[in-house]
Amino acid sequence: MTIKNDEEIRRMREAGKVVAIVHAQVEDAISPGVTTADLVVIARDTLVEHGAISSFLGYHGFPAHICASVNDEIVHGIPGKKRLRDGDVISIDVGAILAGYHGDSAWTYPVGQISKDAAQLLRETEQALQLAIEAAVSGNRLGAVGYAVESFARRRGRSVVRDYGGHGIGRQMHEDPHVPNVGTPDRGVLLRTGLTLAIEPMLTAGGEDTRTLKDGWTVVTADGAIAAHFEHTVAVGPEGGTVLTERLARVVEYPVWRTP
Ligand code: MG
Ligand code: MG
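Described in the following lines is the structure provided in the data block. None of the values given here were measured: they were computed from a predicted structure. (Residues numbered from 1 in each chain as written. Chains lettered and ligands numbered in written order. Predicted model: local features only at pLDDT ≥ 70, side-chain atom pairs only at ≥ 80, totals over all residues. Heavy atoms only, no water.)

### Side note on the coordination of the magnesium ion (ligand 2)
Stated precisely, the cut-off is as follows: Each metal's donors are the N, O and S atoms found within 2.8 Å of it, except that Na, K and Ca use a 3.2 Å limit; water is left out, so coordination can look incomplete. Under the DSSP-based scheme used, a helix requires at least four consecutive residues in state H or I and a strand at least two consecutive residues in state E, with every element numbered from the N terminus. Note on classification: 1.4 Å probe, protein chains only; a residue is buried when its accessible area is under 20% of the maximum for its type, exposed when over 50%, partly exposed between these limits.
All of the protein donors around the magnesium ion (ligand 2) are Asp 104 (OD), His 167 (NE2), Glu 200 (OE) and Glu 231 (OE); their distances to the metal are 2.1 to 2.2 Å. A spacing of 3.1 Å is found between the magnesium ion (ligand 2) and the magnesium ion (ligand 1), which share Asp 104 as a donor. Taken together, the residues span a long stretch of sequence, with His 167 in strand β7 (residues 166–168) and Glu 200 in the loop between β9 (196–199) and β10 (202–204) at a distance of 33 residues. Glu 200 matches His 167 in its accessibility class, with the two residues each being buried.

Here it is, written out as structure tokens:
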């Protein structure tokens, strides 16, 4: 586990700003008919424009600048020729390296108008992330973060994906500790001010089981239910996590299908 000083956290915030800009550009382009490969071009150009490089491209051979996971795809979706359709949800995961430091943030976006339940799942996963960030208080145990996600999801009747979680982050995209999305408050390592974590709850509208597609990357829900994935890079502090990948703009109201 590495503790970052103020200067390192400042640099991570700069990387986080680029991540947020990439998200904003990609979000603008998400609409029915667009392919996930089109979104990569936008992400790539935006990274270049800001002097950053993708954390993901070439990572253990991952073939793209961003991950794009549609509907039942949870994480690590490989962008390609697939065209987005009205009613889809798409999780975009962006990692950027700027001046040696990483920022990592994921968000699930609606494509056109989505179902009420899908909109609810997106809101709830974002809320779970918010609660987890609030639990990233120095002096807490790491289990408090997972507990925040798990207990909220249980109250809402959602499943938490246990097979994947967050991670420490800094000079490396993946540093210690692993940050599970489940836990008990009195378990796990002690959180210290300056510890930087990527916190990333994944909730589903069905069960928690996952499987990986033949491409070796794309993780989907075993039961085909849709999934949502929200992630921020945060710095642990006395009042909770400080977000280093703050979004430029955020969806306030998801456009949902209305029954006539
Ligand atoms: Mg990520
Ligand atoms: Mg991550």
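### Things to note about the layout of surface pockets
We count it as follows: A 1.4 Å probe that fits but cannot get out identifies a cavity on a 1 Å grid over protein atoms alone, an open set with protein on both sides within 12 Å along at least five of seven lines counts as a pocket, and a residue lines either if it has an atom within 4 Å of a point. Grid points are joined across faces, edges and corners, and a volume is the space filled by probe spheres set on the points. Three categories are distinguished: nonpolar for Ala, Val, Leu, Ile, Met, Phe, Trp, Tyr, Cys and Pro, charged for Asp, Glu, Lys and Arg, and polar for the others, with Gly belonging to the last.
Taken as a whole, the largest pocket holds about 380 Å³ of empty space. The wall of the largest pocket is formed by 23 residues, among which Tyr 59, His 76, Met 173, His 174 and Trp 217 lie closest to the centre. Of the residues belonging to the lining of the largest pocket, the class tally is ten nonpolar, nine polar and four charged.

### Section: the coordination of the magnesium ion (ligand 1)
Distances from the magnesium ion (ligand 1) to its protein donors, namely Asp 93 (OD), Asp 93 (OD), Asp 104 (OD) and Glu 231 (OE), fall within the range 2.1 to 2.5 Å. Along the chain, the residues donating to the magnesium ion (ligand 1) are arranged with the sequence spacing D-x10-D-x126-E. Using a relative accessible area of 8% as the deciding quantity, one classes Asp 93 as buried.

### Some words on the pattern of salt bridges
Heads up, the rule is: The rule for a salt bridge is simple: a side-chain nitrogen of Lys or Arg has to be within 4 Å of a carboxyl oxygen of Asp or Glu.
Under the defined criterion, the tally for this structure stands at 13 salt bridges. Residue Glu 7 is joined to Arg 11 by a salt bridge in which the shortest nitrogen-to-oxygen separation is 3.3 Å. Of this pair, Glu 7 and Arg 11 are both found in helix α1 (residues 6–29), four residues apart, which corresponds to roughly one turn of the helix. With a shortest N-O distance of 3.2 Å, Lys 17 and Glu 14 are connected by a salt bridge. Taken as a pair, Lys 17 and Glu 14 lie in helix α1 at a separation of three residues, close to a single helical turn. Given the relative accessible area of 29%, Glu 14 is considered partly exposed.

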